[in-house]
Amino acid sequence: MPYVDRQNRICGFLDIEENENSGKFLRRYFILDTREDSFVWYMDNPQNLPSGSSRVGAIKLTYISKVSDATKLRPKAEFCFVMNAGMRKYFLQANDQQDLVEWVNVLNKAIKITVPKQSDSQPNSDNLNRQGDCGKKQVSYRTDIVGGVPIITPTQKEEVNECSEAVDRNNLNRPQGRLPYFAPKPPADGAVIKAGYCVKQGAVMKNWKRRYFQLDENAIGYFKSEMEKEPLRVIPLKEVHKVQECKQSDIMMRDNLFEIVTTSRTFYVQADSPEEMHSWIKAVSGAIVAQRGPGRAASSVGLLSSGMAPHGAPTLSS
């Protein structure tokens with residue numbers, strides 16, 4: 001689901017048909033910034049990419065005329081919607097119907113409140129090269145006209161000074177390939193309760209890496225990817241003291257952050273959206289209650305602080 005980040009921008013994952021009429025959709029992380037008059041997308045959340053990573057594409061909001069459901073136009077593409085921008089139609093796929101409706105609404109609202117200026121009649125890449133409040137250096141961009149729409153692509157890496165906290169300070173050493181889909185991993189022993197990708201902080205280097213998490217009735221494990229058979233680590237649920245929304249998220253400058261507290265370590269995990277964060281907290285809490293029983297789980301392990309109801313029914317963490 002689209003969510004508002006710490007910079008008051010609307011963000012989230014979508015799949016986009018980058019090459020027109022190719023039928024191939026790639027998963028990207030989108031940022032809608034009405035103050036910058038831009039809708040940009042990256043390989044992943046910029047927080048999880050190496051510092052200075054370039055964005056994949058960008059469209060000025062003033063060039064988008066309409067955003068609408070594209071179910072009839074692309075019947076084989078589930079939860080598809082289209083952005084009309086000049087001579088080009090951009091087809092995107094949401095995660096579900098509610099996600100589709102929310103993205104269509106926020107985009108249409110954004111293009112209505114964006115008033116084109118006289119200078120916008122000619123493509124001008126300088127608008128995206130403004131010098132930031134924190135001394136952000138200017139970046140060179142190339143403007144290509146694709147289907148009558150200016151597509152702005154950076155030609156060199158951005159350089160940001162030390163006061164720019166919005167840029168990732170903990171580099172994630174992973175290739176800038178296609179972001180994995182949330183494909184289910186076949187269960188090994190027990191039935192899988194929940195599975196999907198999150199970003200976790202390392203124990204030693206404190207860097208952040210995207211991992212595939214899998215929760216069953218006995219443990220939560222994480223893998224390098226959904227293709228791996230052996231987990232990097234397994235956390236038995238009997239060792240988990242509590243799972244809750246992270247109280248240090250402001251210090252770590254991470255959205256959608258939750259923590260899994262065990263006897264030996266606290267695992268910091270970042271979900272892709274607030275809904276996913278609450279879903280993981282609810283799933284892990286529920287698995288612990290199912291394993292230990294409502295009374296024991298709430299009293300001896302302290303799950304009340306992680307969002308559990310008094311009678312053992314999982315609720316969303318505050």
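Residues numbered from 1 in each chain as written. Predicted model: local features only at pLDDT ≥ 70, side-chain atom pairs only at ≥ 80, totals over all residues. Heavy atoms only, no water.

According to the UniProt record, the Function (unreviewed entry) comment for the protein is "Binds specifically to phosphatidylinositol 3,4-diphosphate (PtdIns3,4P2), but not to other phosphoinositides. May recruit other proteins to the plasma membrane." (UniProt positions renumbered as here; feature names shortened; annotations may be inferred.)

Visitor: Explain the side chain of Asp99 to me, please; I cannot follow it from the model alone.
Guide: With respect to the helices, strands and loops of the structure, Asp99 is situated in helix α1 (residues 97-113). For the buried residue Asp99, which engages in no salt bridge, the nearest side chain bearing the opposite charge is Arg27, 6.7 Å off. If we skip the residues at most four places from it in the chain, Asp99 touches Met1, Pro2, Phe13, Leu14 and Ala94. (Helix = DSSP H or I, 4+ residues; strand = E, 2+ residues; numbered from the N terminus. Buried < 20%, exposed > 50% of the residue type's maximum accessible area, 1.4 Å probe, protein only. Lys, Arg positive; Asp, Glu negative; His and termini not counted. Salt bridge = Lys/Arg side-chain N within 4 Å of Asp/Glu carboxyl O. Contact = heavy atoms within 4.5 Å.)

Visitor: Explain the nonpolar core to me, please; I cannot follow it from the model alone.
Guide: Generally speaking, a soluble globular protein has its nonpolar side chains buried in company with each other. Counting residues in hydrophobic clusters, the biggest one holds 22 residues, and the most contacted among them are Phe81 and Met83. At the level of elements, β2 (10-16), β3 (26-33), β4 (38-42), β6 (64-69), β7 (80-85), β8 (88-93) and α1 are the ones that each hand at least two residues to this core. A per-element tally of this core places α1 first, with six residues. Among the nonpolar cores identified, the runner-up in size contains 21 residues, and Cys198, Leu215, Val243 and Ala287 belong to it. (Core = buried A, V, L, I, M, F, W, Y, C linked by side-chain atoms within 4.5 Å.)

Visitor: How should I be thinking about the packing of aromatic side chains in this particular structure?
Guide: The description of two aromatic rings rests on the distance between their centres and on the angle between their planes. All told, the structure shown has eight aromatic pairs when counted by the stated rule. Considering the side-chain rings of Phe39 and Trp103, the 6.1 Å spacing of their centres and the 55 degrees angle between planes classify their relative orientation as tilted. In this pair, Phe39 is assigned in strand β4 and Trp103 in helix α1, connecting sequence segments 64 residues apart. Phe39 gets classed as buried once you look at its relative accessible area, which sits at 0%. For the ring pair Phe213 and Trp280, a centre distance of 6.3 Å and an interplane angle of 65 degrees mean the geometry is edge-to-face. Remark: Trp280 occurs in helix α3 (residues 274-292) and Phe213 occurs in strand β12 (residues 208-216); sequence separation between them is 67 residues. Accessibility assignment for this pair places Phe213 and Trp280 in one class, buried. Taken together, the ring pairs connect Phe30, Phe39, Trp41, Tyr90 and Trp103 into an aromatic cluster. For the cation-ring pair, Lys194 lies above Trp280, with the distance from its terminal atom to the ring centre recorded as 5.0 Å. The ring of Trp208 carries Arg254 above its face, with NZ or CZ at 4.2 Å from the centroid. (Phe/Tyr/Trp six-rings, centres within 6.5 Å; stacked < 30°, edge-to-face > 60°. Lys NZ or Arg CZ within 6 Å of the ring centre and 35° of its normal.)

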